[in-house]
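These are the residues of each chain, in order.
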Amino acid sequence: MRKILWILVFIFFISAACNLPVSNFTGEPSPRAVSQRIVTLDPNAPPTPTPFMPVAPTPTPEGEQIATPEVPPSPEQQATPPVLVQPEDTISILILGSDWRPNAGFRTDVIILTIVNIRTGAVSMVSFPRDLYVDIPGVGQQRINTSQQFGGFALTQATFQNNFGIKPEHYVMTNFQGFVNIIDRLGGIEVETARNLTDTCKLPQAVNGYCSVGPGRVYMNGETALWYVRSRYSSSDFDRTRRAQEVMLAVFKKLMSLDALSKAPQLYQEFRSNVETDIPLDLALKLAGFAPGLVSNPERINRFAIGPSDVWHYTTDTGAQVLIPIQERVQAILYEAYQVK
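Residues numbered from 1 in each chain as written. Predicted model: local features only at pLDDT ≥ 70, side-chain atom pairs only at ≥ 80, totals over all residues. Heavy atoms only, no water.

1. Looking at the overall build of the chain
- If you tally the helices and strands in the chain, you get ten helices and 14 strands.
- The buried share among the 341 residues of the chain stands at 54%.
- In the chain, once contacts between residues fewer than 6 apart in sequence are set aside, the share between residues at least 24 apart is 71%.
- Summed over its atoms, the accessible surface of the chain is roughly 15,100 Å², and 52% of this surface lies on carbon and sulfur atoms. (Helix = DSSP H or I, 4+ residues; strand = E, 2+ residues; numbered from the N terminus. Buried < 20%, exposed > 50% of the residue type's maximum accessible area, 1.4 Å probe, protein only. Contact = heavy atoms within 4.5 Å. Areas by Shrake-Rupley, 256 points an atom, 1.4 Å probe, with all protein chains shown as cover.)

2. Side note on the environment of P82
- Inspection of the secondary structure puts P82 in the loop between α2 (31-39) and β1 (90-98).
- Between the alpha carbons of P82 and G165 there is a distance of 5.6 Å; along the sequence they are 83 residues apart.
- When near neighbours in sequence (up to four residues on either side) are disregarded, P82 contacts F164, G165 and Q331.

3. Here we look at the packing of helix α4 (residues 176-185) against helix α5 (residues 222-230)
- Axis separation between α4 and α5 bottoms out at 8 Å; the angle between their running directions is 140 degrees. Relative to α5, the element α4 lies oblique. The element α4 and its partner α5 pack so that their crossing is right-handed. Across the interface between the two elements, F176, V180, I183 and D184 of α4 pack against G222, E223, A225, L226, V229 and R230 of α5.
- Within the contact of α4 with α5, the residues separate by chemical class into six nonpolar, one polar and three charged. (Axes fitted to C-alpha atoms, helices over the stretch in contact; angles between N-to-C directions. Parallel < 35°, antiparallel > 145°, perpendicular 65-115°, else oblique. Left-handed = near helix turned anticlockwise from the far one by under 90°. Nonpolar A, V, L, I, M, F, W, Y, C, P; charged D, E, K, R; others polar.)

4. Some thoughts on α4
- Of the residues making up α4, those classed as buried are F176, G178, F179, V180, I182 and I183.
- Looking one or two residues beyond α4, the residue adopting positive phi is G187, at roughly 85 degrees.

5. A closer look at the side chain of S212
- By secondary structure assignment, the location of S212 is in strand β9 (residues 210-213).
- For S212, the side chain forms a polar contact with the side chain of N196, separated by 2.9 Å.
- Only 2.9 Å separates the side chain of S212 from the side chain of T198, close enough to count as a polar contact. (Polar contact = N/O pair within 3.5 Å; in protein donor to acceptor, adjacent residues only side chain to side chain.)

6. Thoughts on the packing of aromatic side chains
- Counted by the stated rule, this structure contains four aromatic pairs.
- A ring pair is formed by F128 and F160, whose centres lie 5.1 Å apart and whose planes are at 75 degrees; its orientation type is edge-to-face. Taken together, the residues F128 in the loop between β3 (123-127) and β4 (133-136) and F160 in helix α3 (residues 147-164) connect sequence positions 32 residues apart.
- Taking the relative accessible area as the measure of exposure, F128 reaches 3% and is therefore buried.
- For F160, a relative accessible area of 1% puts it in the buried group.
- An aromatic cluster of at least three residues, connected via ring pairs, comprises F128, F160 and F164. (Phe/Tyr/Trp six-rings, centres within 6.5 Å; stacked < 30°, edge-to-face > 60°.)

From the geometry alone we can't say anything about function, so treat these as descriptive.
And the structure:
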């Protein structure tokens, strides 16, 4: 049982980390250097930009360009998407990161569809914004990050099928508090931050209520990594997705550097209550075997995201700010992602 659970955790980090190229791990800095790196504040730093692909018009399967419709439909007017046939030799896994807390509900603010070619080990990743406004069967129009709470993975599968014409086969879910435990147990991580992030925080290293990190390599403990992933006041959901990928890549690299598979008994207690999945053991073992190949051959990783140019901004009758998917663009992204070779 311990070995099974650890492999599933390992797969989770592999899947989410593969959105970014892998660079060499350089080791752990001294506590003094750590303090200096995470306390530094740039009071003149601008709000974090939100670069996330795709930014150009999304190509159709035939290579034509899709123009953005001028007038967004209401959520109720969204057309039913065509069913996408999953190619043979592929398996789809939904990677979910929840904000679960004891005695409270939860939402899955990290949603990454992972498509693996089980013959070659190649991977496609598609990130979905948490604020996509979709029709959840039996519930109605809601943000996509609520479906798992309303009805578990079965309802999440139905939601994806109803809105995007696809049905993820399996899922792996963890919570953000689990990340804190894991990262601290690993002794912290080195995160390659693409840009500066300056935002409010309640961490010990805050200066006048603000923390600032990056750009560049930054050592983070669990709480700092959680703040980095979840900060939202100076950026957007699209940028949060990028930062989540950076943190998960750093965790993956640290695990690889420690030969974590051989340390499963030591780490088992940290993961037992923080990972939920329906992946069977035989599939877990097969997927774990692809990890070394992905590290050494990052070109086998195909990166996609439902980005700013693939949605309309929409305000609901209750004043909620949500995103309506532009079906033509989303379908083109999914079609390409499923062609993983």
